[in-house]
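Okay, here's what each chain looks like letter by letter:
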Amino acid sequence: MPPISRPRGTEDLLPDQFFAMRRVSEAGLGVAASFGYQQLDTPIFEASELFVRGVGDSTDVVRREMYTFADRSGRSLTLRPENTAPVLRAFGESSLRQLSPPVRLSYAGPMFRYDRPGKGRYRQFHQFGVEAIGDPEPELDAEVIAVAWDWLQELGLGGISLQLNSIGDAACRPAYREALLEHFAPHLATLPELDQERLRRNPLRILDSKEEGSEQLLASAPRTSDYLCQPCREAFERVQLALHAYAIPFELNPRLVRGLDYYVRTTFEVWHEDLMGAQNALFGGGRYDGLSELLGYPPAPGVGFAAGLERVVMLAPPGPPPARPQLVVCSAQPVAVASAIDASQRLRRDGLSVLCDVGGRSLKGKMRAAERSGAEAVAILGEEEVRERRLTLRRLRSGEQMAVRLEQVYVQVREWEQDTQFGEGPA
Ligand code: HAM
């Protein structure tokens with residue numbers, strides 16, 4: 001029988017990767033907390049309607065990429081492809097609505113999209129994101145960008161550029177859409193099939209087309225910035241002023257449109273030089289005033305971003321390796337097994353991380369495994385040690401060895417560890 005392997009487009013987070021992912025997401029949640037954002041979690045699956053209405057039924061995410069299934073009572077459920085609609089739903093149906101706005105929320109967790117798997121593109125991936133809900137002020141747009149920016153700085157991630165745009169609102173976007181359609185209309189038949197479809201379904205999406213054959217027409221296409229109404233223009237100026245105040249550099253990109261339909265006004269993405277183009281952003285976000293109403297709740301303007309954690313982990317400088325056990329406790333003979341287990345438990349309660357090795361293999365084999373474990377020291381318990389109520393404690397990097405009582409082990413191991421840390425111990 002062939003072995004069963006993981007589903008295409010998914011990854012096992014083995015301990016080193018899990019540790020790296022957790023470090024990166026905790027750094028993000030930490031930065032968000034320093035801006036007053038509090039973490040929440042929403043269900044992994046939601047009513048499919050939430051995404052059809054919220055994200056938009058003309059988007060690639062809803063049309064092609066959702067993991068949708070009927071549960072046993074026939075309800076249509078979808079594994080969340082993104083978390084903004086779920087967070088707004090949670091906000092709308094909870095006591096969060098009673099808090100004074102903006103309500104600042106953060107999250108980290110898995111998302112699911114039936115995308116074509118590739119470098120940095122998975123079917124199950126993880127996002128860290130924030131949403132600031134209930135406040136239309138443009139300075140808040142800059143604040144959520146600052147959370148993301150500070151996080152990437154803290155991780156030491158270089159080679160990034162912030163792409164910024166305003167795609168207008170219900171007042172000015174229709175005129176822009178018309179202008180786009182007019183620009184492309186005489187050449188419709190010459191456009192690649194995919195772009196013709198974009199124009200039919202959601203004309204703004206043509207702006208981030210990568211199709212050969214559309215480039216020239218795109219270069220001369222009308223720009224979002226030329227069609228903004230006065231309130232959108234003023235809001236966009238305030239976002240930029242606030243970004244200057246945060247000392248965050250940005251590039252105005254009038255072709256930046258996002259793949260989800262709920263955005264109004266500010267949209268942004270952070271690109272990395274090693275990722276190609278807008279499809280491969282490190283993170284993206286924007287303002288979504290009006291989404292709450294689409295979901296059937298009272299108005300709750302908001303702004304947020306989400307970052308792909310796999311991409312950030314891939315591009316950030318590596319962090320420290322996961323912690324190793326501090327001590328290995330070995331039994332040298334079967335008679336010492338119970339004492340070794342007991343000693344390990346006591347030392348764990350003292351605060352050490354202890355790997356207990358009471359298997360049947362030889363002491364030599366156990367010592368070799370202890371060396372490979374990366375522990376600072378090994379404590380050996382044999383017949384003699386049990387009789388004399390002591391342990392043989394050996395520092396692995398130097399071979400230094402001493403007979404100690406159990407109560408002395410914690411202090412000795414910590415002392416050796418500190419020597420190692422500050423480079424004073426013998427190599
Ligand atoms: P999004 O641009 O669809 O926005 O996704 C945000 C980030 O998630 C992307 O920039 C990318 O890093 C990562 N990502 C998306 N799809 C994949 C994939 N298949 N594999 C790996 N990583 C992926 C949103 O999801 C919005 N909810 C962001 C937002 C929050 N807007 C306002 N608030």
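Conventions we followed
Residues numbered from 1 in each chain as written. Predicted model: local features only at pLDDT ≥ 70, side-chain atom pairs only at ≥ 80, totals over all residues. Heavy atoms only, no water. Domains from an automatic or database assignment. Near = heavy atom within 4 Å. Polar contact = N/O pair within 3.5 Å; in protein donor to acceptor, adjacent residues only side chain to side chain. Areas by Shrake-Rupley, 256 points an atom, 1.4 Å probe, with all protein chains shown as cover. Helix = DSSP H or I, 4+ residues; strand = E, 2+ residues; numbered from the N terminus. Nonpolar A, V, L, I, M, F, W, Y, C, P; charged D, E, K, R; others polar. Patch = residues over 30% accessible without salt bridge, like charges linked within 9 Å, V, L, I, M, F, W, Y side chains within 5 Å. Salt bridge = Lys/Arg side-chain N within 4 Å of Asp/Glu carboxyl O. Buried < 20%, exposed > 50% of the residue type's maximum accessible area, 1.4 Å probe, protein only. Core = buried A, V, L, I, M, F, W, Y, C linked by side-chain atoms within 4.5 Å. Contact = heavy atoms within 4.5 Å. Pairing = 2+ DSSP bridges. Axes fitted to C-alpha atoms, helices over the stretch in contact; angles between N-to-C directions. Phe/Tyr/Trp six-rings, centres within 6.5 Å; stacked < 30°, edge-to-face > 60°.

### What about the domain arrangement of the chain?
You'll often see interface size given as the accessible area lost when the parts meet.
Stage number 1. Along its sequence, the chain is organised into domain 1 (15-172 + 228-315), domain 2 (181-221) and domain 3 (327-421).
Stage number 2. The centre of domain 2, based on its C-alpha atoms, is set 69 Å off from the matching centre of domain 3.

### Describing the site of the ligand
Stage number 1. Lining the immediate surroundings of the ligand are 27 residues, of which E82, T84, Y122, E131 and Y263 lie closest.
Stage number 2. Take G304: an N or O atom from its main chain is 3.4 Å from a nitrogen atom of the ligand.
Stage number 3. Contacts to the ligand include F305, whose backbone N or O atom sits 3.4 Å from a nitrogen atom.
Stage number 4. Coverage of the ligand by the protein chains reaches 95% of its 660 Å² of free accessible surface.
Stage number 5. Breaking the shell around the ligand down by element, the ones donating at least two residues are β6 (124-133), β10 (283-287) and β11 (302-308).
Stage number 6. A class-by-class count of the residues in the shell around the ligand yields twelve nonpolar, eight polar and seven charged.

### Things to note about a nonpolar patch on the surface
Stage number 1. Judged by side-chain polarity, I44, F45 and F69 come together as a nonpolar surface patch covering roughly 260 Å² of accessible area.
Stage number 2. Of note, F69 is situated in strand β3 (residues 67-70).

### Some points on the side chain of E376
Stage number 1. On the secondary structure map, E376 appears in the loop between α13 (363-373) and β14 (377-381).
Stage number 2. The buried category is assigned to E376, whose relative accessible area is 9%.
Stage number 3. Here T420 takes part through its side chain, which lies 2.9 Å from a polar atom of the side chain of E376.

### Here we look at the nonpolar core
Nonpolar side chains in soluble globular proteins generally cluster together in the buried interior.
Stage number 1. If you look at the biggest cluster of nonpolar residues, it comprises 47 residues, and the most contacted ones within it are W151, L152, L162, L243, L282 and F305.
Stage number 2. Put simply, the parts of the chain that give this core at least two residues each are α1 (15-34), β6, α5 (139-154), β7 (160-166), α9 (230-245), β9 (264-272), β11 and α11 (309-315).
Stage number 3. Take this core: its biggest share by element is ten residues, from α5.
Stage number 4. Setting aside chain neighbours within four positions, we find F305 in contact with Y107, F128, G129, V130, E131, V144, V147, A148, F268, F283, G284 and G285.
Stage number 5. V87, Y107, L218 and Y263 belong to the second-largest nonpolar core, a separate cluster that totals 37 residues.

### A few points about the sheet that holds strand β12 (residues 327-331)
Stage number 1. In spatial order, the strands read β13-β12-β14-β15-β16; together these five strands make up an open sheet with mixed pairing. A single partner strand is all that each edge strand has here, and the edge strands are β13 (354-357) and β16 (401-404). Across the sheet, the mean angle separating the axes of adjacent strands is 25° when strand polarity is ignored.
Stage number 2. As defined by bridge partners, β14 adjoins strand β15 (residues 391-395) across four bridges and the pair is classed as antiparallel.

### Concerning the packing of aromatic side chains
Stage number 1. Within the structure shown, the criterion is met by nine aromatic pairs.
Stage number 2. For the ring pair F45 and F69, a centre distance of 6.4 Å and an interplane angle of 75° mean the geometry is edge-to-face. One end of the pair, F45, is in strand β2 (residues 45-47); the other, F69, is in strand β3, with 24 residues separating them in the sequence.
Stage number 3. Residue classification places F45 among the partly exposed residues on the basis of a relative accessible area of 45%.
Stage number 4. On the basis of relative accessible area, F69 is assigned to the partly exposed category, the value being 36%.

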